[in-house]
Amino acid sequence: MIVQWNQQLHSKQLKLPRKRNINHGVPMHYGQSNNIMYWNFFFKERTKAMINEETLLILAKIIDDYNALPEPKYRNANLDVLKRDYELLMQMKEFLKGDIQYAHIINALSQTINKMTPRNDNGWRSVTERGINKAIPPVVRKKKQVNQFPFEWIDKKSGETCFINNGYWGARNYMVMDIIGYYLLLKEGKDLLPKEPAPIFSDMNSIAVRESNISGNNITSSNQSSMNDQDIKRVEQTRYWVQFDDREFRKSMSLDMSSNEIRDLLLETSRVEFKLVFPVRMWNGKKAKEQTYNMNLFSRLFEFGYVDRDTRSDGVVQSRQYYISFNTTLGELFAHNLLSKSYDWLDNRFYSLPYNAQVFYRRFLVHNDYMSIPLKVETIIEGLNLQDKNITNLTGTIETNILKPLIEQGLIDSYEKDTEGLYGLKFTIKRSKKENPKENHLAVTGDAGSVKEGCRVCKERMQGL
DNA sequence: ATGGGCTCCACTGTGCTGAT
DNA sequence: ATCAGCACAGTGGAGCCCAT
């Protein structure tokens, strides 16, 4: 039936009857009538009714087929079939406009098709700073359970207690740090990534001194984030700051967020306060070595403000200019690590992965290039701050929502599940060698991606920043 | 015409419960 | 322990609205 329908569509005969139907079921005495008007009327009505009937049948079949797919649908559907069905539905539009069922199936199909269609790489590469990925665990909103703030945990190596206060921390917040970190690097490098490391701190002691100094001139950063000229001047006088607008931010993350959503995300990210054991890359003569700094005081990652740029006459803000200053303890450590080349690369498709897949990659994989990585389930639970008490469901979640999407995206090759190990359930992640970064548009060398030279794409991107 | 914001709602990710 | 089923919140596409 569907094939016939298709043929009709392609011959643009949607509004005309199929020939074999013309006389079908027409009583003789009608046929004898010479009343052309009557014939036309009969003809049209009948055609419309029949097409409607057939349309509804096809609609029902598509809906049935779709509902029959096991979940998650995007991993069990055939993309070509979905596309064909979607095409059919689009052609039926004029007959079914306003039909609730029709609207739902269109929405469902288009979402699943979109999810199944591989992201094309728009060429955007972002850096991701190592300290953030290593030191900050995700703290997610839980429904019934009221989160205890500050969230705290013990750092294994140092035995120090770490804290996160005043908000949650998840995949989107890590993403913000990637993007603004990249902006900072490009700004410092005059539209190119800096060629030579330019550390801010020379040793642990200089950090401690700076930390106590910064805490002295705190905290004028009010909750008022909308800025006036004076506020902007104040930001521009700080040592490390960046500015950008919605358009640039959307391009960097390859996600479609409204200006309000972007502002709220930045605002929430800037308000979270940390007291951490933070990895700091120190250049000891010629060699870079990672040490950890035990923070004495709570710090935010950056100070944030914005100016409304384009406001529609009905009050809707369509574009904002954002200002970010890294003039906090953690902000300067972040800037220090970036300028000391303690970062890794991500491409824009990364931010479309399920949240936990993103966080998993950050916590366990991005900062090394081991080809085989054994991880106990307890380690994964701890690293991702997973909540599910039901171990069966939890391991299922790890496989379907984290490891399989990572394989699909090509970030890992495979994994092995070992239930009989000495230490209980264990996953072993398998990777071939890290994708050669020289294939990227940037010429990259070294473990942390020291950039030999910038490129045209980068320059173009940074215009207007 | 264009394009951002808003609403609606399907789908996913996660956690919980109860049966086996 | 394992599994299915349910609940619920977060995410994002379609389509509409509205201003430019």
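Keep in mind that what you see is a predicted model, and the values were worked out from it rather than measured. (Residues numbered from 1 in each chain as written. Chains lettered and ligands numbered in written order. Predicted model: local features only at pLDDT ≥ 70, side-chain atom pairs only at ≥ 80, totals over all residues. Heavy atoms only, no water.)

(A) Here's a closer look at the overall build of chain A. Looking only at helices and strands, chain A features 18 helices and 16 strands. Considering chain A as a whole, with its 465 residues, one finds that 44% of them fall into the buried category. Residue pairs in contact within chain A that sit at least 24 positions apart in sequence constitute 70% of those at least 6 positions apart. Just so you have it, chain A exposes about 25300 Å², and 49% of that area is on carbon and sulfur atoms. (Helix = DSSP H or I, 4+ residues; strand = E, 2+ residues; numbered from the N terminus. Buried < 20%, exposed > 50% of the residue type's maximum accessible area, 1.4 Å probe, protein only. Contact = heavy atoms within 4.5 Å. Areas by Shrake-Rupley, 256 points an atom, 1.4 Å probe, with all protein chains shown as cover.)

(B) The protein's contact with DNA strand C, seen in detail. Near DNA strand C lie 16 residues; those nearest to it are Ser-110, Gln-111, Arg-172, Ser-313 and Tyr-355. Each atom of DNA strand C within 4 Å of the protein was classed as base or backbone; sugar and phosphate made up 77%. At 3.0 Å, a side-chain N or O of Asn-390 approaches a base nitrogen of DNA strand C. If you list the elements that add at least two residues to the surface near DNA strand C, you get helix 7 (100-116) and helix 17 (391-408). The class makeup of the residues in the surface near DNA strand C is three nonpolar, eight polar and five charged. (Near = heavy atom within 4 Å. Polar contact = N/O pair within 3.5 Å; in protein donor to acceptor, adjacent residues only side chain to side chain. Nonpolar A, V, L, I, M, F, W, Y, C, P; charged D, E, K, R; others polar.)

(C) Up close: the sheet that holds strand 5 (residues 273-275). The strand order 2-3-5-8 describes an open sheet built from four strands, whose pairing is antiparallel. Unpaired on one side and paired on the other, strand 2 (151-154) and strand 8 (299-300) mark the two borders of the sheet. The sheet contact formed by strand 3 (residues 161-165) and strand 5 spans three bridges and is antiparallel. Bridge pairing links Ile-164 to Phe-274 in strand 5. (Pairing = 2+ DSSP bridges.)

(D) A look at unusual backbone geometry. The phi torsion at Asn-166 lies on the positive side, around 70°, for a residue other than glycine. Mapped onto the elements, Asn-166 comes out in the loop between strand 3 and helix 9 (171-188). Positive phi values are uncommon outside glycine, yet Asn-385 reaches one of about 55°. Tracing the sequence through the fold places Asn-385 in the loop between helix 16 (377-384) and helix 17. By relative accessible area, Asn-385 is classed as buried at 17%.

(E) Focus on the pairing of strand 6 (residues 277-284). Of all eight residues making up strand 6, six are buried, and the element is well covered by its neighbours. Counting the residues between successive antiparallel strands, the hairpin from strand 6 to strand 7 (residues 287-294) contains two residues, one of them, Gly-285, with a positive phi of roughly 70°.

(F) Spotlight on the pairing of strand 2. With four bridges connecting them, strand 2 and strand 3 associate as antiparallel partners. Looking across to strand 3, one finds that Glu-152 is bridged to Phe-163. Connecting the antiparallel pair strand 2 and strand 3 is a turn made up of six residues, with Gly-159 showing a positive phi of about 80°.

(G) Looking closely at the protein's contact with DNA strand B. Inspection of the region around DNA strand B gives 27 residues, with Tyr-66, His-104, Asn-356, Gln-387 and Asn-393 positioned closest. For DNA strand B, the fraction of atoms within 4 Å of the protein that belong to sugar or phosphate moieties is 80%. Measuring from a phosphate oxygen of DNA strand B, one finds a backbone N or O atom of Lys-73 at 3.0 Å. Contact distances for DNA strand B include 3.2 Å between a base oxygen and a side-chain N or O atom of Asn-390. Broken down by secondary-structure element, the contributors of at least two residues to the surface near DNA strand B are helix 4 (73-76), helix 7, helix 13 (259-271), strand 10 (317-325) and helix 17. With five residues, helix 7 is the single largest residue contributor to the surface near DNA strand B. Class assignment for the residues of the surface near DNA strand B results in seven nonpolar, 14 polar and six charged.

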